[in-house]
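The lines below spell out each chain.
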Amino acid sequence: MEHSPLISLRHVDAGYEGRVIVSDASLDIFPDDVIAVIGPNGGGKTTILRILLNIIKPMAGSVYRLDGLKIGYLPQVNDVDLSFPISVIDVVLSGQLYGNRLFPSKETRERAMALLSFAQLEKYANMQIGELSGGQRQRVFLCRALMGQPQLLVLDEPVTYMDKVAETNLYRLLPELAKQMAIVLVSHDIGAIPSFAKSIACVNRSLHYHESNKISDEILNELYI
């Protein structure tokens, strides 16, 4: 049985203040997709993400979203005051609303701890967020993005400023996450794409979708010509 898409872009023009950055972009994102978004700086990758996240509206074309779609988002850099006294567990808990409760329930705290365990960070739960390394903090923010149990996880260059060990630790988590949700990940690390992605969206003023995760000559031409 074929899935319905979570999001469909159809012939979308998008940009800012009347200036088109990406034109005629079409893309379907299905529940089992893991899509790497690649392209040169200024080519429109962030603009596509903002359309997916409903931060900006298309200037032309249409966007369909599944009713009630839950999206988790991890930006490439979190603007966090590292001197602010907030613990790792509280950062993760901030990713979920408590309804009409002032404090998280026991079940909510258990879910946050389970996510930290998944990310191999449970022993840091009560530490201040500023005491962690950059790679550890990014995994904490990933846990926060997962607290709302998203159907789609959007990652914007999540390994920026990470060392190779931290990159490996983050990429290690993606195959397990992909069993539960669709993933769209913006990446400059072309060599790593076959290890986590199922398909590629090449964005350079337009969008070209490739069902393979192999970096072909055709893709390189779309990126740099």
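Look up a bit, the structure's there.
None of these values were measured; they are calculated from a predicted model.

So, how was this worked out
Residues numbered from 1 in each chain as written. Predicted model: local features only at pLDDT ≥ 70, side-chain atom pairs only at ≥ 80, totals over all residues. Heavy atoms only, no water. Helix = DSSP H or I, 4+ residues; strand = E, 2+ residues; numbered from the N terminus. Rg over C-alpha atoms; globule rule 2.2 N^0.38 Å. Contact = heavy atoms within 4.5 Å. Areas by Shrake-Rupley, 256 points an atom, 1.4 Å probe, with all protein chains shown as cover. Lys, Arg positive; Asp, Glu negative; His and termini not counted. Charge placed at Lys NZ, Arg CZ, Asp CG, Glu CD. Core = buried A, V, L, I, M, F, W, Y, C linked by side-chain atoms within 4.5 Å. Buried < 20%, exposed > 50% of the residue type's maximum accessible area, 1.4 Å probe, protein only. Pairing = 2+ DSSP bridges. Right-handed = clockwise from strand over helix to strand, strands pointing away.

As for the overall build of the chain
Step number 1: For the chain, the helix and strand inventory stands at seven helices and nine strands.
Step number 2: For 225 residues, the compact-globule estimate of 2.2 N^0.38 gives 17 Å, and the chain sits close to it at 18 Å.
Step number 3: The long-range share in the chain, meaning contacts at least 24 apart out of those at least 6 apart in sequence, stands at 66%.
Step number 4: When the accessible area of the chain is evaluated, it comes to approximately 11,600 Å², of which 51% is carbon and sulfur surface.
Step number 5: On the chain, the mean spot of the 21 positive side-chain charges and the mean spot of the 25 negative ones are 5 Å from each other.

With respect to the nonpolar core
Step number 1: If you look at the biggest cluster of nonpolar residues, it comprises 45 residues, and the most contacted ones within it are Leu142, Leu153, Ile183 and Phe196.
Step number 2: The set of elements that each furnish at least two residues to this core consists of strand 3 (34-38), helix 2 (88-93), helix 3 (106-118), helix 4 (134-146), strand 6 (152-156), helix 5 (164-177), strand 7 (182-186) and helix 6 (193-196).
Step number 3: Apart from residues lying up to four places away in sequence, phenylalanine 196 is in contact with Val34, Ala36, Tyr171, Leu174, Leu185 and Ser187.

Topic: the pairing of strand 6
The two faces of the sheet receive side chains in turn, since in a regular strand these alternate between them.
Step number 1: The buried fraction of strand 6 is high, at five of five residues.
Step number 2: In the sheet, strand 5 (residues 71-74) pairs with strand 6 via four bridges, with the strands oriented parallel. Looking across to strand 6, one finds that leucine 74 is bridged to leucine 155.
Step number 3: Taken together, the five bridges between strand 6 and strand 7 define a ladder with parallel strand orientation. Bridged to leucine 155 within strand 7 is leucine 185.
Step number 4: Following the chain from strand 6 across helix 5 to the adjacent parallel strand 7, one finds a crossover that is right-handed.

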